[in-house]
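# Overview (structure and organization)
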Amino acid sequence: MSTPTDTPLTLFWSPGACSFVPHVALCETGLKHDLVLAKVGHMTKEFEAINPKRRVPVLIMGSEVITEMAAVLTAIATAAPDSHIFGKTPLEKIRVYEWLNYLSTTAHGQAIAEIWRTERFTNNPEIYPQLRAKGYETMREIFAHIESKFKAANITEFAVGNSYTAADGFLSVLYLWTARFTEVTIDIDNEYPVYAAYVKMMLQRTAFIEARRIHKL
Ligand SMILES: N[C@@H](CCC(=O)N[C@@H](CS)C(=O)NCC(=O)O)C(=O)O
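Predicted, not measured: the structure shown is a model, and the values here were computed from it.

Scanning the protein chain for helices and strands turns up nine helices and four strands. Listing every helix and strand of the protein chain by position from the N terminus yields β-α-β-α-β-β-α-α-α-α-α-α-α. For 217 residues, the compact-globule estimate of 2.2 N^0.38 gives 17 Å, and the C-alpha radius of gyration of the protein chain, at 17 Å, lies within 12% of that figure. If one aligns the C-alpha atoms of the protein chain with their principal axes, the spans along those axes are about 50 × 45 × 30 Å. In the protein chain, 68% of the contacts between residues at least 6 apart in sequence involve partners at least 24 apart. Total accessible area computed for the protein chain in this model is approximately 10,700 Å², and 53% of it derives from carbon and sulfur atoms. Charged side chains of the protein chain number 22 positive and 23 negative; the gap between the two group centres comes to 2 Å.

Take a look at the structure:
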């Protein structure tokens, strides 16, 4: 696969969904891209033909269809090597993947899905409330973990290294999603103040402002 910066890029996205993260990454890199709506809950047959897993994000890079958050972000990074969205050193790259895998699996695929996609975990609606409660509990554990990691490493501005990386988008979207929880309030600002201060700074970046405007997030 060739990945010159002039390869056409198209991101399939849904408002407020995890596709916010690669959208921010595209804005951060300044790569020219098109956005195509593939709204969660209203995905079309055409979209299903592109991604039979019926999930966003999907990035079309030239003739390649790329799915899965970490792969999509890696593709964006290869198209914009000077933006260093996977860090500037081999260790920073490892740390970015460490965050992305943790957030994709434990946070997104487990806790958030238990809360918003409870039907994926059981065919028995009677236990939905227990599963959702477990999802909220896991989200608290995740925020506690982020808070202690940030405190230990004195992180105020960027999760990895000294500039924006793909990890920052994913870490920030969790904060924004929490505001959409309807059954449980997680008071991030007071309970996890180091993480909250970091997200608030992140959200001031032009790329985040632009992506939030489009996502209405
Ligand atoms: N493993 C996928 C998960 C992507 C995912 O779950 N995306 C959600 C939006 S945040 C989605 O498309 N959901 C569609 C649905 O639940 O019907 C990844 O990491 O990219």
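Once you've had a look at it, read on.
Time to look at the nonpolar core. Residues M139, L174 and Y195 are the most contacted members of the largest nonpolar core, which totals 65 residues. Among the elements that take part in this core, helix 6 (residues 166-178) stands out by supplying nine residues, more than any other. Other than its neighbours up to four places away in sequence, L174 contacts L103, A107, M139, I142, F143, I146 and Y195. By size, the runner-up hydrophobic cluster in this structure holds eight residues, among which are F12, M43, V56 and I60.

Sheet analysis places strand 3 (residues 58-61) next to strand 4 (residues 64-67), joined by four bridges and oriented antiparallel. In the sheet register, L59 faces strand 4, and the bridge partner there is I66. Between strand 3 and strand 4, which pair antiparallel one after the other, the connecting turn spans two residues, and G62 there sits at a positive phi close to 60°.

A few words now on the site of the ligand. The ligand sits among 13 residues. The nearest are V56, E68, M69, R117 and R120. Within the side chain of E68, one N or O atom sits 2.6 Å away from a nitrogen atom of the ligand. Contact distances for the ligand include 2.7 Å between an oxygen atom and a side-chain N or O atom of R117. Computed on the free molecule, the ligand has an accessible area of 520 Å², of which 81% lies beneath the protein chains in the complex. Here the residues of the shell around the ligand are counted per class, giving seven nonpolar, one polar and five charged. Both of domain 1 (9-83) and domain 2 (90-205) provide at least three residues apiece to the shell around the ligand.

Using the criterion set out here, one finds zero disulfides in the structure. Unpaired in this structure, C18 has its nearest cysteine sulfur neighbour in C27, at a distance of 16 Å. Exposure remark for C18: the relative accessible area of 6% places this residue in the buried category. Of the residues examined, C27 reaches a relative accessible area of 22% and is grouped as partly exposed.

So, about the domain arrangement of the protein chain. A common way to state how big an interface is: give the accessible area lost once the parts meet. Split by domain assignment, the protein chain resolves into domain 1 (9-83) and domain 2 (90-205). Taking the mean C-alpha position of each, domain 1 and domain 2 sit 20 Å from one another. Of the residues lining the interface, 14 residues belong to domain 1; the matching set on domain 2 comes to 15 residues. Both sides of the domain 1 and domain 2 interface together cover about 1,200 Å² of buried area, and 63% of this is carbon and sulfur. Contact with domain 2 buries surface across domain 1, with F20, V21 and E28 losing the most and accounting together for 33% of the total. The interface formed by domain 1 and domain 2 holds one salt bridge in total. A salt bridge links E28 to R205; the nearest nitrogen and oxygen atoms lie 2.8 Å apart. Elements with a contribution of two residues or more to the side of domain 1 that touches domain 2: helix 1 (20-29) and helix 3 (69-79). Counting residues per element, the side of domain 1 that touches domain 2 draws most heavily on helix 1, which supplies five residues. Residues that form the side of domain 1 that touches domain 2 fall into these classes: 10 nonpolar, two polar and two charged.

Conventions we followed
- The residue count restarts for each chain, going from 1 along the sequence in the order it is written.
- It should be noted that, the model being predicted, local features are given only for residues of pLDDT at least 70 and side-chain atom pairs only at 80 or more, the latter also being counted only at that level, while totals for whole chains, interfaces and linings use all residues.
- Side-chain figures throughout are based on the complete set of non-hydrogen atoms in the structure, without hydrogens or water.
- The way it works is that DSSP assigns letters per residue, a run of H or I at least four long becomes a helix, a run of E at least two long becomes a strand, and they are numbered from the N terminus.
- Put simply, the radius of gyration uses C-alpha atoms, and a globule should come to 2.2 Å times the residue count raised to 0.38.
- The contact definition used throughout considers only heavy atoms, calling two residues in contact when any of these lie within 4.5 Å.
- All accessible areas in this document rest on Shrake-Rupley with a 1.4 Å probe, and a residue is counted as covered only by the protein chains that are shown.
- None of His or the chain ends enter the tally, which takes Lys and Arg as positive and Asp and Glu as negative.
- Here the site of a charge means NZ on Lys, CZ on Arg, CG on Asp, or CD on Glu.
- Here, nonpolar core refers to any group of buried Ala, Val, Leu, Ile, Met, Phe, Trp, Tyr and Cys residues whose side-chain atoms link them within 4.5 Å.
- Think of it in three bands: residues with accessible area under 20% of the maximum for their type are buried, residues over 50% are exposed, and the middle band is partly exposed, with areas taken using a 1.4 Å probe on protein chains only.
- Strand pairing is assigned whenever DSSP detects at least two bridges linking the two strands.
- Proximity is defined per residue: if any heavy atom of the residue lies within 4 Å of a molecule or strand, that residue is considered near it.
- Throughout this description, a polar contact denotes any pair of N or O atoms lying within 3.5 Å of each other; where both atoms belong to protein, one of them has to be capable of donating a hydrogen while the other can accept it, and for residues adjacent in sequence the pair is counted only when both atoms sit in side chains.
- Amino acid classes used here: Ala, Val, Leu, Ile, Met, Phe, Trp, Tyr, Cys and Pro are nonpolar; Asp, Glu, Lys and Arg are charged; the rest, including Gly, are polar.
- An automatic or database domain assignment supplies the residue ranges for each domain.
- When two cysteine sulfur atoms lie within 2.5 Å, the pair is treated as a disulfide.
- For any pair of parts, buried area is found by adding up, for both, the accessible area (1.4 Å probe) each one loses once the two are put together.
- Any carboxyl oxygen of Asp or Glu that lies within 4 Å of a side-chain nitrogen of Lys or Arg is treated as forming a salt bridge with it.

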